[in-house]
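Chain by chain, the residues:
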Amino acid sequence: MAGLVAKGIYKRYPGGVTAVTDFNIKINDKEFIVLVGPSGCGKSTTLRMIAGLEEISEGELYIGDRLVNDVAPKDRDIAMVFQNYALYPHMTVFDNIAFGLKLRKVPKDEIKKLVEEAAKSLDIAHLLDRKPKALSGGQRQRVALGRAIVRNPKVFLLDEPLSNLDAKLRAQMRTEIAKLHKKIGTTFIYVTHDQTEAMTMGDRIVVMKDGFVQQIDSPMNLYDNPCNKFVAGFIGSPQMNFIENAKLIKKDSKYYVEFGSAEKPFYIEVPAGRFDENALERTAGGEVILGFRPENIHDEEAFLATAKTGIFEAYVEVAEQLGAETYLYLDCNGIPLTARVSPRCTARPQDTVRLGIDPNKIHLFYPANEASLGKNEG
């Protein structure tokens, strides 16, 4: 098995289009890495460069200790699972899974053994005589995975493999792929635009935008400590609330964020130690972008009774009762906000409600470059 190292990788197309800029990562052996970002961010191009399907314009790619820039895809010891499964329609499931082994002149009895083992592990042993058109989407996906497993590659590459499945099957296959990773103990690199897939599957997540890596981190670190506004807004569903043009104020050696309107301002105290002191000092008196997640808005009386700051009023535009929770879509002086509150919430559309933000969970970003006023700042 092997890890993977990318050093300063670029992908440039004729006409001056740069799809991937200065991509750097060290992936450990058996790690599950997810590349995530909006359409056109360069994640699939990066995966195709790793696979050898796209030429690397600049930089170095190592699989294990071997430089593979000029190594043909078939000799890289990787297996790729595509979005459209890429199954041969005229072949049975058995022959689809066995195809790569036959090309490598593996003995027939060994092919039979490997295919049957892979089919059993994926719960498709009873489908080996069928052709792809007789399979469901989930079954085809398993066949595509089986074809990759039998080759026992050093690295698995998966390019949006679940995007063609319905929501229920997608959730089921997420679990299957995570279990498969633990079972076969191979390095997985997985591309998706679905941040739920990224959060639930990856050991680490690479967030990309416009060909640039924004942040590489564990799922919870990305969620709790995003490096900029883009990462903060991309990770999490519903997405983080942002209040532009908030003001950072220093008073009696404490910092506060002011938002709302001039006639009716609201204040939230910035907890000591949450942000870099030098960054706060430099920014005091100026504007910041205030961010907080929907679940960090509270409507419980116990919270509101003890909160010293962060209390605000908002108009309820829509209330979605989802059984286990309620989403409130709010208007706070023209600022749209989303709150995720208890299913016992009694607020209804056209109500004006009193809510509180947990100050320990707020995020602050510079308006100019949208970077976080993080603890490492300054």
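Placed above this text is the structure.
We now turn to the structure provided with this report. (Residues numbered from 1 in each chain as written. Predicted model: local features only at pLDDT ≥ 70, side-chain atom pairs only at ≥ 80, totals over all residues. Heavy atoms only, no water.)

### Overview of the pairing of strand E10 (residues 212–217)
Consecutive residues of a regular strand have side chains that alternate between opposite faces of the sheet.
Here is step 1 of the chain: In terms of strand pairing, strand E9 (residues 204–209) meets E10 through five bridges, oriented antiparallel. In the strand pairing of E10, Lys209 is matched with Phe212.
Here is step 2 of the chain: Joining the antiparallel neighbours E9 and E10 is a turn of two residues, in which Asp210 adopts a positive phi near 50°. (Pairing = 2+ DSSP bridges. Helix = DSSP H or I, 4+ residues; strand = E, 2+ residues; numbered from the N terminus.)

### Section: the sheet that holds strand E4 (residues 58–63)
Here is step 1 of the chain: Read across the sheet, four strands follow the order E2-E1-E4-E5 without closing on themselves; strand pairing throughout is antiparallel. Lying at the two open borders of the sheet, with one neighbouring strand each, are strand E2 (17–27) and strand E5 (66–67).
Here is step 2 of the chain: Where strand E1 (residues 4–13) meets E2, seven bridges bridge the pair, whose relative direction is antiparallel. Bridge pairing in E2 places Ile9 opposite Phe23.
Here is step 3 of the chain: Sheet strands touched by helix H1 (residues 43–51): E1, E2 and E4. Its angle to E1, the strand with the most contacts, is close to 115°. (Contact = heavy atoms within 4.5 Å. Axes fitted to C-alpha atoms, helices over the stretch in contact; angles between N-to-C directions.)

### Notes on helix H3 (residues 108–121)
Here is step 1 of the chain: Taking 1.5 Å per residue, 14 residues should reach 20 Å; H3 reaches 20 Å between its end C-alpha atoms and fits that length.
Here is step 2 of the chain: Turning to H3, its buried residues are Ile111, Val115, Ala118 and Ala119. The buried residues of H3 occupy an angular sector of 100° when projected down its axis, which confines them to one face. Away from the buried face of H3 by more than 90 degrees, exposed residues Asp109, Lys113 and Lys120 are located.
Here is step 3 of the chain: Looking at the buried side of H3, the elements it contacts are helix H2 (93–103) and helix H4 (137–149).
Here is step 4 of the chain: After H3 finishes, the residue Asp123 shows a positive phi value of roughly 60°. (Expected span 1.5 Å × (residues − 1). Buried < 20%, exposed > 50% of the residue type's maximum accessible area, 1.4 Å probe, protein only. Arc of directions from axis to C-beta.)

### Structural notes on the nonpolar core
Here is step 1 of the chain: One finds Ile97, Leu145, Leu158, Ile177, Tyr190 and Val207 to be the most contacted residues of the largest nonpolar core, which totals 47 residues.
Here is step 2 of the chain: A total of five residues in this core trace back to one element, the largest contributor, which is H4.
Here is step 3 of the chain: If we skip the residues at most four places from it in the chain, Leu158 touches Leu47, Val81, Leu145, Ile177, Phe188, Ile189, Tyr190 and Val191.
Here is step 4 of the chain: Formed by 36 residues, the second largest nonpolar core is a distinct cluster that contains Ala246, Leu248, Ala339 and Cys345. (Core = buried A, V, L, I, M, F, W, Y, C linked by side-chain atoms within 4.5 Å.)

### A few points about unusual backbone geometry
Here is step 1 of the chain: Cis geometry is found at the peptide bond from Ser237 to Pro238, where omega equals -5°.
Here is step 2 of the chain: With phi around 60°, Lys105 is a residue other than glycine that occupies positive phi space.

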